[in-house]
Amino acid sequence: MKLLTVAIPCYNSQDYMHHAIDSLLGCKEDIEILVVDDGSKDDTAKIGDRYQEQYPDVVRCIHQENGGHGEAVNTGIKNATGKYFKVLDSDDWFDEEALKKVIDTLKNLENQPLDMMIVNYVYDKPSTNTQNPIRYANALPQNRIFRWYNVKYFLPSQNLLMHSIIYRTAVLKNCGLVLPKHTFYVDNLFVYEPLPYVHTMYYLNVDLYHYFIGREDQSVNEKVMIGRIDQQIRVNKRMIDAVDVMSLKSRKLRKYMIHYLTIISTVTTVLLVKSGTEENLKKRDEFWNYMKETRPEVYKAVRKTMLGTLMRLRGKAGHKVLIAGYTVAQKLFDFN
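Residues numbered from 1 in each chain as written. Predicted model: local features only at pLDDT ≥ 70, side-chain atom pairs only at ≥ 80, totals over all residues. Heavy atoms only, no water.

Caption draft 1: Representation of the side chain of Thr269. Within the secondary structure, Thr269 sits in helix 9 (residues 251–275). Sequence-distant contacts of Thr269, defined by excluding residues within four places in its chain, comprise Arg284, Trp288, Met311 and Leu322. (Helix = DSSP H or I, 4+ residues; strand = E, 2+ residues; numbered from the N terminus. Contact = heavy atoms within 4.5 Å.)

Caption draft 2: Region of the structure containing the pairing of strand 3 (residues 59–64). Judged from the 6 bridges that link them, strand 2 (residues 31–38) and strand 3 form a sheet pairing that is parallel. Its bridge partner being in strand 3, Asp37 is matched across the sheet by His63. Following the backbone out of strand 2, through helix 2 (residues 44–54) and into the adjacent parallel strand 3, one traces a crossover that is right-handed. (Pairing = 2+ DSSP bridges. Right-handed = clockwise from strand over helix to strand, strands pointing away.)

Caption draft 3: Examining the packing of aromatic side chains more closely. As enumerated under the stated definition, the model contains 15 aromatic pairs in all. These aromatic residues form a ring-pair network of at least three members: Tyr136, Trp148, Phe154, Tyr192, Tyr203, Tyr256 and Tyr260. Geometry around Tyr290 places Lys237 over its ring, the cationic atom sitting 4.8 Å from the centre. (Phe/Tyr/Trp six-rings, centres within 6.5 Å; stacked < 30°, edge-to-face > 60°. Lys NZ or Arg CZ within 6 Å of the ring centre and 35° of its normal.)

Caption draft 4: How the structure looks around the layout of surface pockets. Computed from the structure, the second largest pocket encloses a volume of approximately 340 Å³. Lining the second largest pocket are 16 residues, and of these Tyr153, Phe154, Lys255, His259 and Thr305 sit closest to its centre. The element contributing the most residues to the lining of the second largest pocket is helix 9, with 7 residues. Here the residues of the lining of the second largest pocket sort into 10 nonpolar, 3 polar and 3 charged. (1 Å grid on protein atoms, 1.4 Å probe; cavity = no way out; pocket = protein on both sides within 12 Å on 5 of 7 lines; lining within 4 Å. Points joined across faces, edges and corners; volume = space filled by probe spheres on them. Nonpolar A, V, L, I, M, F, W, Y, C, P; charged D, E, K, R; others polar.)

See below:
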């Protein structure tokens, strides 16, 4: 058994998947690399097969019909043999020195119960030659195993994203996570749904994950997100349905999951408002009514937050305030 499985979902990734894979090979003795070719139409499959031929004890290239990012992650989880599991998107990469520290730390913790490791990630914008690291030192204890009651306050920029999470593989399999096919933004489900199964955590303050941002066709591009707003709503509603947050025993876990749901619901709302169409404004109201009817206690908790209060604003003046706040957040945190 390898220590860490890294799944790399690939769709038409021939131009950049080399960088992702090569960034892992410095720790190849301890890593299983699963290149999941999601029905690519370029040379992705050939490149993956070549890596498997060159590193047969490290790389497996798995070919499947196109099912989208979520289905590629599902395939990675099903085929993972490593004790821990992480996703690396094919246009991103790991810092090699940080990865070595991750591996060394996981080895040192091998005989201790660890459900989730948290690391930093970095927004990389080559177009502006800028890097914005997201770190958690103010919110999480460092260099020791801790539980939810040890967690402090997360800033709005400090959501635990797919980029910052390494799960124990058994946690993902035990919680029965199956991400939806042909749907973008499922990385939020990948983080959110298993959290109630996480009891022990470890924060390693290293900048491991480099998240490339800036391509015009990228799924997090604002115009692209507005065009795919129905998929964003679908994911957001599944977050509401998937976990009965108010029934969780841990107060800190409940608080964090309300925080996470509030952030994602804010993004959904702002995009619907920014689109400027009457149809999407109706979808906004329908979304909030859905939360209110499905999880009334969660709805109340979300509405009590500062962002939840902003989401109540209506009319042109209210929409301007909402969009202005979102724009300020974009500039402060450089997330889009």
